[in-house]
Amino acid sequence: MSLYDDAVLVLKGYEDPADPAQGELSQVYLDHLAQHPDGMWKACGTGHLTASALVIDPERGRVLLTLHRKLRMWLQMGGHCEPQDASLADAALREATEESGITGLTLLAGGPVRLDRHAIPAPCHWHMDVQYAALAPSGSTEQISDESLDLRWFAYEEVASVADTSVVRLMERARAVLERR
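Right, let's walk through the structure included here. It should be emphasised that the depicted structure is a prediction, and the values quoted were computed from it without experimental measurement. (Residues numbered from 1 in each chain as written. Predicted model: local features only at pLDDT ≥ 70, side-chain atom pairs only at ≥ 80, totals over all residues. Heavy atoms only, no water.)

### A word on the pairing of strand 2 (residues 62-68)
Counting buried residues along strand 2, six of its seven residues qualify, which places the element largely inside the surrounding structure. Direction of pairing for strand 1 (residues 48-57) relative to strand 2: antiparallel, over a ladder of three bridges. Along strand 2, the bridge assignment pairs Asp57 with Arg62. Taking the residues that link successive antiparallel strands as the turn, the strand 1-strand 2 hairpin has four residues, and the phi of Gly61 there is positive, at about 60°. Sheet topology places strand 2 next to strand 3 (residues 74-75); two bridges connect them, and they run antiparallel. Of the residues in strand 3, the one forming a bridge with Leu67 is Trp74. (Buried < 20%, exposed > 50% of the residue type's maximum accessible area, 1.4 Å probe, protein only. Helix = DSSP H or I, 4+ residues; strand = E, 2+ residues; numbered from the N terminus. Pairing = 2+ DSSP bridges.)

Below you can see the structure in the form of structure tokens.
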């Protein structure tokens, strides 16, 4: 199965019963892919899918955020899909591992926890992010990557004071999924 086919399958199966707008956004992503066979790749000028993962340490009630080098914002780990990625989940896990320096991350079962579409500077126009949550192994140690200015753990209650609403919504949704396990 190609990465494109995986993305279509994931998006067709995605829903968030607590937020009907997420289903509408999933359809926007699917429509984009139907119109743009290259919609998985950075080269697609009208926009492309990206994959990210919020790294969570549920034992200590905290999340790991990166201070993005270009955007200068505290964000979850994530980025562009690469040809070697077999699935969106693989892309999200690869990005989280590369940017956090933590080996042994595992994605929360059940697929993505949120979708977030945001404008980006030209030449591209949109990132259509498929957001997962990754659990950090007990006692893991992070290591900053070249893509970050900083890497830091934040208690759940601190996130809203350092990150934008998209990260806060992702954290809240990931915590809700964790509580149902």
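Additional details are given in the paragraphs that follow.
### Here we look at the packing of aromatic side chains
Under the definition given, this model contains one aromatic pair. Ring geometry for Trp74 versus Phe154: centroids 5.0 Å apart, planes at 75°, classification edge-to-face. Taken as a pair, Trp74 in strand 3 and Phe154 in strand 8 (residues 148-155) lie far apart in primary sequence, 80 residues in all. Judged by its relative accessible area of 5%, Phe154 is buried. In this structure, Arg62 packs its charged tip against the face of Trp153, placed 4.1 Å from the ring centre. When the ring centre of Trp126 is taken as reference, the NZ or CZ atom of Arg117 above it lies at 3.7 Å. (Phe/Tyr/Trp six-rings, centres within 6.5 Å; stacked < 30°, edge-to-face > 60°. Lys NZ or Arg CZ within 6 Å of the ring centre and 35° of its normal.)

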